[in-house]
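Tertiary structure, described
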Amino acid sequence: MREPSEKLSQIVTPRRLRVRRLRRSELPAPTLELARFLIGKTLVRDLPAGRITGRIVETEAYPPGDAAGHAFRGETPRNLSLFLGRGHAYVYFSYGSFWLLNVSSERLGIGAGVLLRALEIVDGFNLIRGAGRKTARHPDLARGPGRLGRVLRIDKRLDGQDLCANGPLWLGTEVWPRKAVGKSVRIGISREVDRPFRFYEVGNPSVSGPLRLRT
DNA sequence: TGCACGATAATCT
DNA sequence: GATTATCGTGCAA
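Quick look at the structure, then.

So, about the layout of surface pockets. By volume, the largest pocket amounts to about 770 Å³. Looking at the largest pocket, it is lined by 35 residues, and the ones nearest its centre are Y62, A68, H70, Y92 and I189. The set of elements that each furnish at least two residues to the lining of the largest pocket consists of β2 (50-62), β3 (89-94), β4 (98-104), β5 (113-123) and α3 (145-151). Residue composition of the lining of the largest pocket, grouped by class: 19 nonpolar, 10 polar and 6 charged.

With that settled, consider the protein's contact with DNA strand B. In the vicinity of DNA strand B, the contacting residues are R73, T76, R78, F93, Y95, G96, K156 and L211. A share of 76% is what sugar and phosphate atoms reach among the atoms of DNA strand B within 4 Å of the protein. At 2.3 Å, a side-chain N or O of T76 approaches a phosphate oxygen of DNA strand B. Here a phosphate oxygen of DNA strand B and a side-chain polar atom of K156 are 3.4 Å apart.

Here we take up the side chain of T53. Assignment of secondary structure puts T53 in strand β2. Each residue touching T53, except ones within four places of it in the same chain, is listed here: L17, T42, L43, V44, E120, I121, V122 and D123.

Conventions and cut-offs
Residues numbered from 1 in each chain as written. Chains lettered and ligands numbered in written order. Predicted model: local features only at pLDDT ≥ 70, side-chain atom pairs only at ≥ 80, totals over all residues. Heavy atoms only, no water. 1 Å grid on protein atoms, 1.4 Å probe; cavity = no way out; pocket = protein on both sides within 12 Å on 5 of 7 lines; lining within 4 Å. Points joined across faces, edges and corners; volume = space filled by probe spheres on them. Helix = DSSP H or I, 4+ residues; strand = E, 2+ residues; numbered from the N terminus. Nonpolar A, V, L, I, M, F, W, Y, C, P; charged D, E, K, R; others polar. Near = heavy atom within 4 Å. Polar contact = N/O pair within 3.5 Å; in protein donor to acceptor, adjacent residues only side chain to side chain. Contact = heavy atoms within 4.5 Å.

Nothing here speaks to function; it is geometry throughout.
Now the structure itself:
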């Protein structure tokens, strides 16, 4: 039976989460540092019906000059948001079905970003389509960048959003202290495959990828 | 748990 | 026309 554990996790979830927006000045400037810094912080989605809050548990850095990064070949209409200076949303459509969310990094005019790969949802379960069904185990809701985008209802309209400003999507402070941060190669790329630019909270069941990349 | 595979459409060449 | 920072399913062990 899955029902009891779902109820338990709702009871365990703090009724009132204290989260405030992160100021841009709090975000480390270098892409790699930002990717590590974001582990344990929150991503908040404000919808007409309410708020969904998730702890960021997995990220990947795509620093300047990285051949695996979308900004590598220069600015285009698609990747413009990567050049807006740190703390902006870069949203793009992938594999015909998924909206993926990045946080731009570095200075205005320099293209780089951090891909948000997975969240541990901590609030707003009732707003998530599929929650409470047998197929929607809580740790899996936003496990993987495609699911993250689906759960938070990310789409092109959020591309370019300032994630440090008042708006429907923003970065927040942590809700409890994070555990150890692990480091590994990135997932799903074909260039620069050996760079250890992926970060994750060790042992967290909401982290995606094979077991060896979660522990 | 770990693979292979197909779906699916925007973007770039 | 090729590519793709993915996911869900199916099958093997």
